[in-house]
Amino acid sequence: MKKYQTYELDPVTGSLNIKTFLKELDAFILEENAKGSLEEHVLVCLNIRNFKFYNLKYGHEKGDQVLYQLSQRIYHENPEGLQGRFVSDRLVVVSKQSHINDWIQMINREFIKKYGSNGLKMKVGILPLQADFTAARACELAKLACDSIRNKSVNFCYYNDQIERKAQNTTYIISNFERALNEGWIQIYYQPIIRTLTDRLCGIEALSRWIDPKHGMISPADFILVLEENQLITRLTLFVLDQVCQEMQQIMFPTPRIVPVSINLSQMDFLNCDIFQEVEDRVQKYGIARDLLCFEVTESMLIEYPDILQQEMKRFQNAGYKIYMDDFGSGYSSLNVLRNYEFDDIKLDMIFLQHFDNRSKRMIRSAVSMVKMLNNQILVEGVETKEQYEFLKSIGCDKVQGYYFSPPVPLKSFKKLYAQEQHIESRRFKQYYDQTNTVNFLIDKPLEIIDFDGQKFRLLYSNELARETWQKMHFASMDKVFELLNVPLSPYFNESRDTLKRLHIHKTIRQKYGVHASVVSLEITLLAREGNHYLVTTEAMPIESTKTNNDINEDYILRVLYTLFDEVYLINLKTHDFQSIKPGKNYSEVVREWDKRGWKVNVNKAAKMFISMDEQMDFIKFADFDTLQERMEKSHSHILSQIFLSKGAKGAYVNKLHIIQMMPGTDMVIYSSQYVSYLQKQWIERNKEMPDPLKTAIWQTFVHSQTMNIFWKDDQRRYLGVNDQFMETCGIQDFSTIIGKTDEQMQWYVDDRQIEDEIQLLQKGTLIRQNKGKRIIHGRMQDVVIWEEPVYQADKIVGLIGIFLLADDPTKNRSDWSIFEIALHFMKGWLDQNEKFAMISIDFSNFSWAKKSYGQTVTDRMLTAMTSLLFDFLGNRALIGRVYSERFLAFMKYDRKQEIETMKLQLLDYFRNIHELAGYPATLHPIIDLYYAEDSQNIAATIAEVFVNMYNENNR
């Protein structure tokens, strides 16, 4: 065998280097062709998939060992053939064709067994050698064969002409990609996503289309794959992201209704860059709300790079973006992916609709049921016919997409399709309708989904069992059912609306109605509420057709009690579970408390919540479960009854007759109450002396006072303690933030006279009585009234104790005039006492887009929440006022400018991490400007300039 010099060999594998291999292969082709045996040989190109990531994880030394061992194993099976290493993980071998398949398969099995768990795969391209090939051309073609199966399940491939044509297309795409981006050959097309419950547009998918001047429309399946394989896909992703954000800002945002746009991400996006930060940068640049951008990842990505994708997906979701799983069901590990990852939407692969027969319907039905059990939204792609759409609606598929509605089209054409607002879902109601993902549409019970819009009830969905139920009660159509609810003269018009007011989210109440000489039982569950809108599910069941004799007697008893009493409840004596038959005026309080307790009655808690304090102990004895049955048996009527002062409407206490009686043949008792006219009761005067020691009791009352803000200080005016009410009023969460500090250190006084008064008190014992002052509380300048007096020990003043009360309501927002008042206070402190202060202008101008998409009512709620967050952040450090709309101005004293600069950075970070306001998705990009009194030659002119600038910004 020929001997080679060291410089002719690859230092890692010991095989030939590129230059030597090409020279030897050219000679081999000439020699074997002369012998007439060239066709017996093939050129093999081997490539190791995911080798780069193996190197990153284990280091290059371990990677070199893999290459060396593979090279030695090939040499062992093919000792007579030429062998070389090109770049990185690419090996080339000349072998006889007769036994090539055997040794390749053998080596591949060994390689998978040893390295498969690390994600490494061996891909092999095979080229039969021909006389007209140069070595370089042969290597290029063998590489093309190898690369053609890069993302396929097979591990080797023979070269053919189709691979050559594909290679030419690949070359064209790569060489013209940048030009296509710059000259507009690549455009963004949009395809609608429809919510089945409302038939309205609820989302859009952004898709890239290459319209080439030479080749026409290049299929995405062709150019996307090429860009993936050649590490160019991230450039396309960022281009799409930029285009979508620009079009959302310039074209979509001016319209009041805007829906989320979803963008496809490639696995390379997560590996080649910090894709999350790239998105965040553009959201900041264009002022886009995060809830209006969704990102789709494929099942195959999650299988191939599970650790990286899981971590990155969490970053997106924690920041407020939605993540969709695309092409669900197209791979072999769909269930594992669902188990290991959390998605917002699952997109069912269109392959399920390609053969729309009974088998595929069963598969789709199962997939929808499984996804909804996980409380996910499910979206089906590839809907092309009305039959497919109606089927998907009937089984509870949430959203659909496909050519039945529209192919992907340019934005201009898309806007024409959805020019009318009533066909587009309001951003305000997205979460409202999303709540149907908890509903199982495939139950064997009557099911209806109903929307009440503040005026009328509207049927969104009913299954066949529900329609049959109403037909049995002699309703010709569902429209006739809803006439009972929507016609003002109907006896059910007011009752149905009163029932809605008693509903609580995801809680079920049962109502019984007499309809067409029948009694129907309705189970009503509230899914969502938005303003005056209610979204409910109902299950209607005719009582006569489903009840036993005992059940009918029970229903009769409850119907009678329903007409006689203000409220009626059924309570299980063994489990203490209870259910509402006729809720009372305080039902919302009942729901909130019993939600915490798993809907089990707690007599002590009920007494505290609904019975007058003087009668609570008597009520506890009356309702004692342990003795209930015994007392009822001793009673002549087997009924317990007693009058208690009970909480009625608006918190007023009225006399109510409480009655407890057994439900015959069960372990249940019926608890009912009814208002009665005033009855004079005999009150027993209790003149018990206070327990000793008196001081302890008084001190406990003092400390836990709910009306007085009490504090005590040492002789250096440092806080030694404050009571609970002081903590609550001032928004202090931890004693350590105030103990040992003075008011100056807390920075909440704006008037130094209060400090001077305290010094006089500690030095001379001068009492402070009803002194009026100003204090920063929750970021607002608050008028307070203060009382303070000295604490003596051995005739020496050792500290002080004081109380302050608020002169007005601290929760009210300051109007414009009060902001000027704040400015004058700080300006006076600067001019008279050289007290340094900064003005902090905070502009949430991007929030103005929320007004268009959410409407004024919701925007007002969000603005209130945003104001509260601002006050909570700045706390007692600064005084804050709202100047115009979503523009605020804060005033803050400081010693060093660095304090203000640090606070600015913290404030920016704080609000950029806010993803929700008043329960609605929101993205905030505050613009903060700082103005320092010490930098101003004329402080009054500077203040005026700040106000004018903020006003002008508001009117742009």
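The residue numbers shown here count from 1 along each chain, following its written sequence. Totals for whole chains, interfaces and linings use all residues, but because this is a predicted model, local features are given only for residues with pLDDT of at least 70 and pairs of side-chain atoms are given and counted only at 80 or more. For side-chain calculations, the full set of non-hydrogen atoms in the structure is used, while hydrogens and water are omitted.

A. Representation of the sheet that holds strand β4 (residues 121-128). Strand pairing is defined by DSSP finding a minimum of two bridges between the two strands. Think of it this way: any DSSP run of H or I at least four residues long counts as a helix, any run of E at least two long counts as a strand, and we number them from the N terminus. Within the open sheet, the five strands sit side by side as β2-β3-β1-β4-β5. Their pairing is mixed. Since the sheet does not close on itself, it has two edges, and those belong to β2 (83-85) and β5 (156-158), each with one partner. In this sheet, adjacent strand axes meet at a mean angle of 20 degrees when their direction is disregarded. Alignment of β2 against strand β3 (residues 90-96), held across three bridges, turns out to be antiparallel. Angular values range over 0 to 180 degrees, each being the angle between N-to-C directions of two axes fitted as lines to C-alpha atoms, with helices fitted over their stretch in contact.

B. Quick peek at the packing of helix α1 (residues 18-35) against helix α5 (residues 135-147). It is at 8 Å that the axes of α1 and α5 come closest, and there the two elements cross at 105 degrees. By the angle between their directions, the pair α1 and α5 is classed as roughly perpendicular. Contacts between α1 and α5 involve Phe21, Leu22, Leu25, Asp26 and Ile29 from the first element and Ala135, Ala136, Ala138 and Cys139 from the second. We call two directions roughly parallel when the angle between them is under 35 degrees, roughly antiparallel when it is over 145, roughly perpendicular when it lies between 65 and 115, and oblique otherwise. Contacts are residue-level and defined by heavy atoms, with any inter-residue pair within 4.5 Å sufficient.

C. Fine view of the packing of aromatic side chains. By convention, a stacked pair of Phe, Tyr or Trp rings (six-membered ring in the case of Trp) has centres within 6.5 Å and planes under 30 degrees apart, an edge-to-face pair has planes over 60 apart, and any other such pair is tilted. What the rule picks out here adds up to 42 aromatic pairs. Judged by centre distance (5.0 Å) and plane angle (80 degrees), the ring pair of Tyr404 and Phe405 falls under edge-to-face. One aromatic cluster in this structure is built from Phe270, Phe276, Phe295, Phe316 and Tyr321. The rule for a charge over a ring is simple: NZ of Lys or CZ of Arg within 6 Å of the ring centre, and within 35 degrees of the ring normal. Sitting above the plane of the Phe873 ring, Arg877 keeps its charged end 5.3 Å from the centroid.

D. A look at the nonpolar core. Definition of nonpolar core: a set of buried residues of the types Ala, Val, Leu, Ile, Met, Phe, Trp, Tyr and Cys, connected through side-chain atoms within 4.5 Å. Accessible area is worked out with a 1.4 Å probe on protein chains only. A residue is then buried under 20% of its type maximum, exposed over 50%, and partly exposed in between. Among the nonpolar cores identified, the biggest contains 84 residues, and Leu236, Val244, Leu293, Phe295, Phe316 and Phe343 are the most heavily contacted of them. At nine residues, the largest contribution of residues to this core is made by helix α8 (residues 233-252). Once residues within four sequence positions are removed from consideration, Leu293 is found in contact with Leu241, Val244, Cys245, Met248, Val261, Ile263, Val283, Ile288, Tyr321 and Lys322.

E. Representation of helix α12 (residues 306-318) within the structure. For α12, built from 13 residues, the straight-helix expectation of 18 Å at 1.5 Å per residue is met to within 8% by its first-to-last C-alpha distance of 18 Å. For α12, the set of buried residues is Leu309, Glu312, Met313 and Phe316. Looking down the long axis of α12, one finds its buried residues gathered within 105 degrees of arc, a one-sided arrangement. Those residues of α12 that are exposed and angled more than 90 degrees off the buried face are Asp307, Gln311 and Asn318. A positive backbone phi angle near 105 degrees is found at Gly320, which sits one or two residues after α12. Take the residue count of a helix, subtract one, and multiply by 1.5 Å to get its expected span. Relevant arc is that of directions from the helix axis to the C-beta atoms, nothing else.

F. Here's a closer look at the side chain of Lys399. Looking at where Lys399 falls in the secondary structure, it is placed in strand β14 (residues 399-400). At 2.9 Å, the side chain of Lys399 and the side chain of Asp345 are in polar contact. Not counting the four nearest positions on each side in its chain, Lys399 is found in contact with Ile193, Ile194, Arg195, Thr196, Cys202, Tyr324, Asp345, Gln377, Ile378, Leu379, Val380 and Asp434. N or O atoms closer than or at 3.5 Å make up a polar contact, with two conditions inside protein: a donor-capable atom paired with an acceptor-capable one, and, for residues adjacent in sequence, both atoms drawn from side chains.

G. Up close: the pairing of strand β26 (residues 709-714). With five of six residues buried, β26 is to be regarded as a mostly interior element. By the bridge criterion, six bridges tie β26 to strand β30 (residues 796-806) in an arrangement that is antiparallel. Within the sheet, the bridge partner assigned to Asn709 lies in β30 and is Phe804. For β26 and strand β27 (residues 719-722), the ladder comprises three bridges, and the chain directions are antiparallel. Along β27, the bridge assignment pairs Lys713 with Tyr719. Hairpin remark: β26 followed by β27, antiparallel, with four residues in the connecting loop; positive phi at Arg717, about 70 degrees.

H. Summary view of empty space enclosed by the protein. Lining residues are defined by having an atom within 4 Å of a point belonging to a cavity or pocket. Those points lie on a 1 Å grid over the protein atoms alone, cavities being sets where a 1.4 Å probe fits but cannot get out and pockets being open sets with protein on both sides within 12 Å along at least five of seven lines. Grid points are joined across faces, edges and corners, and a volume is the space filled by probe spheres set on the points. Taken as a whole and judged by the stated rule, the model has five cavities of 30 Å³ or more. In this model, the second largest cavity occupies a volume close to 320 Å³. Taken together, 20 residues form the lining of the second largest cavity, with Leu485, Ser496, Tyr513, Leu522 and Ile524 sitting closest to its centre. Among the secondary structure elements, those contributing two or more residues to the lining of the second largest cavity are β16 (448-452), α20 (478-486), α21 (493-501), β18 (508-515), β19 (518-530) and β20 (533-542). For the lining of the second largest cavity, the element with the most residues is α20, which contributes four residues.

Interpretation note: all reported values are geometric properties and have no functional meaning in isolation.
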